[in-house]
Amino acid sequence: MQQGGGSETEVTWEDQQNINKFGRLNNRFHELEDEIKIAKESNDNLEDASNELILTDEEVVRFQIGEVFAHVPKDEVESRIEQMKEVTSQKLEKLEEEKESVLAQMAELKKILYAKFNDSINLEED
Amino acid sequence: MASSSSTSGSGSGSGSALTERRGIPGAQFVEDVQTYLTQSGLDVGSALAFLQERLQQYKVVEMKLLAQQRDLQAKIPDIEKCLDVVATLQAKKGTGEELITDFEVSEGIYSRARIEETDSVCLWLGANVMLEYSLEEATGLLQKNLDNARASLEVLIADLQFLRDQVTITQVTIARVYNWDVHQRRIQQAAAPTAQE
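Residues numbered from 1 in each chain as written. Chains lettered and ligands numbered in written order. Predicted model: local features only at pLDDT ≥ 70, side-chain atom pairs only at ≥ 80, totals over all residues. Heavy atoms only, no water.

(A) Broad picture of the sheet that holds strand S4 (residues 109–115) of chain B. The antiparallel open sheet is built from four strands, whose spatial order is S1(A)-S2(A)-S3(B)-S4(B). Of all strands in the sheet, those with a lone pairing partner are strand S1 (60–65) of chain A together with S4 of chain B, marking the two edges. Neighbour-to-neighbour, the strand axes of the sheet open up by a mean angle of 30°, direction not taken into account. For S1 of chain A and strand S2 (residues 68–73) of chain A, the ladder comprises six bridges, and the chain directions are antiparallel. (Pairing = 2+ DSSP bridges. Helix = DSSP H or I, 4+ residues; strand = E, 2+ residues; numbered from the N terminus. Axes fitted to C-alpha atoms, helices over the stretch in contact; angles between N-to-C directions.)

(B) The arrangement of the packing of aromatic side chains in detail. Using the criterion set out here, one finds two aromatic pairs over all chains in the structure. Measuring from ring centre to ring centre gives 5.1 Å for Trp13 of chain A and Phe29 of chain B, while their planes differ by 55°; the resulting arrangement is tilted. In this pair, Trp13 of chain A is assigned in helix H1 (residues 13–55) and Phe29 of chain B in the loop between strand S2 (24–25) and helix H1 (33–40), connecting two distinct chains. For Phe29 of chain B, a relative accessible area of 0% translates into the label buried. Between Phe69 of chain A and Tyr110 of chain B the ring centres are 5.9 Å apart and the planes differ by 65°, which places this aromatic pair in the edge-to-face class. Of the two residues, Phe69 of chain A is situated in strand S2 and Tyr110 of chain B in strand S4; the pairing between them involves two chains. (Phe/Tyr/Trp six-rings, centres within 6.5 Å; stacked < 30°, edge-to-face > 60°. Buried < 20%, exposed > 50% of the residue type's maximum accessible area, 1.4 Å probe, protein only.)

The following block contains the structure:
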C-alpha cells in the first residue's frame, strides 16, 4: 500500500475490515483465475478425446482410471467422457459465476475505500 | 475448530477482533496512533521495528501453511483416483468379466495385466504397510480419508485467510505510524520556522 504524505485521515475498524475483505477477495480472484484456466484445459482435453473417439474404429479403448489404462469398450468410454464433460462444464460455470461475484464485490469496496482515502490508498494490481 | 472471538481488552479498543487463532497471534488494531504509542511506551522507531518483525513472523507462518495447502491439494485428487479404481473393480464384480489394463512397470514401459473378479484390494497405508481390504471396506476407508483431507484443507484455508488479514492489519498500522511520524515532524518544523537545520 502506498504511504500517503503524512495525511490525517483516520482509519477506523470498519475501514480496516473493508481493506482486509478487499485483500481476501483479491487473493480469491487470483486463485479463481488459476482454477478456471485448469478447468478450461480439462474441458478442451475432454473435447479432443471425444473427437478422437468418433474417429477411431477400434472397439476397445484404453481409458485411464487412476494410474492404469483399462481396456474399456468404446460405448462405455463415450458415456464416461460425456459424464466427465458435464461435470467439468458445470464446475467451470460455477467458477466463472464466483469470479463475477468477487469482481463485483471488489469494485464496490474500491468505491468505498477510494471515497474515504483517495490517494492515500492503492488498490490496483502492481 | 471454531475459535471464539474475544472483545479486545487492551486500550486501543478494536471492535470484535480475534486475539489469536490456532497459535497465530492476532494483530492488534490501532484506533489512534498517538494513543498506541503512548500506551506501549515505544518511540516511532521501536514501534516500526516491532511491527516489521511481526510481519516477518507472519510471513514465515504463511510459507508453512501454503506448503501444507499444496500437499493437501495434491493428495485429494490421488484419493479420488483410488476411489475411481475401486469403484471400477466393484462394477466389474457382478459381470464375470475380467478387467484388462495396461499399467506402468517403469517409466515409459507398460505391461498388460488381467484382473479377474475379486472381492478385495490392497491399500497402501504408508510406512511400508499395505493391508488387504474388501471392496466395500476399501471404499469406506478411502472415502473417510478423502473427507478428512477436504475438512483439513478447509480449516487450513480459513487459517490462511485469518493470517492474511493480520498481515494486512499490520501493514496498514506500519503505514499509519510512519505517516503519523512524518505528520508530527512537519508540525514541529512549521512551529519552529526560525530554527533552520
